[in-house]
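# Structural characterization, general
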Amino acid sequence: MGRSYRSRPKKLGAKLKLITQAGMIAELSVKDEPLYPTNISAYEGGKREPPLLVLLKYARLADVTMEQLVDDKMKLD
């Protein structure tokens, strides 16, 4: 079982950075994956992709769709 290779959204990190603010780390954490500032920094810098549940929380906090986050052609409203 290996990693699948897919194209990564190039603008995801910048979009997550727009959403993330101090104090949101606790709200973005999920049961199986606590978040640390280093995780958030890696997501925003495009070095790592957040797990699906964390990405869903980002979308809900920003009141945007998951599609808006991962589709490089779409902007955050």
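In the block above lies the structure referred to throughout.
Let me sum up the structure you'll find in this document. (Residues numbered from 1 in each chain as written. Predicted model: local features only at pLDDT ≥ 70, side-chain atom pairs only at ≥ 80, totals over all residues. Heavy atoms only, no water.)

Right, let's talk about the overall build of the protein for a bit. From N to C terminus, the protein includes five helices and zero strands. For the protein, the succession of helices and strands along the chain, N to C, is α-α-α-α-α. (Helix = DSSP H or I, 4+ residues; strand = E, 2+ residues; numbered from the N terminus.)

Let us now look at the nonpolar core. Residues Leu16, Leu35, Ile40, Tyr43, Val54, Tyr58 and Leu69 are the most contacted members of the largest nonpolar core, which totals 15 residues. Contributing elements (two or more residues each) for this core: α1 (12-19), α3 (37-44) and α4 (52-62). Tallying contributions element by element places α4 first for this core, with four residues. (Core = buried A, V, L, I, M, F, W, Y, C linked by side-chain atoms within 4.5 Å. Buried < 20%, exposed > 50% of the residue type's maximum accessible area, 1.4 Å probe, protein only.)

Here the focus is unusual backbone geometry. A positive phi angle, near 55°, is found at Asp63, a position not held by glycine. Examined against the element boundaries, Asp63 turns out to sit in the loop between α4 and α5 (66-70).

What is shown is where atoms sit, not what they do.
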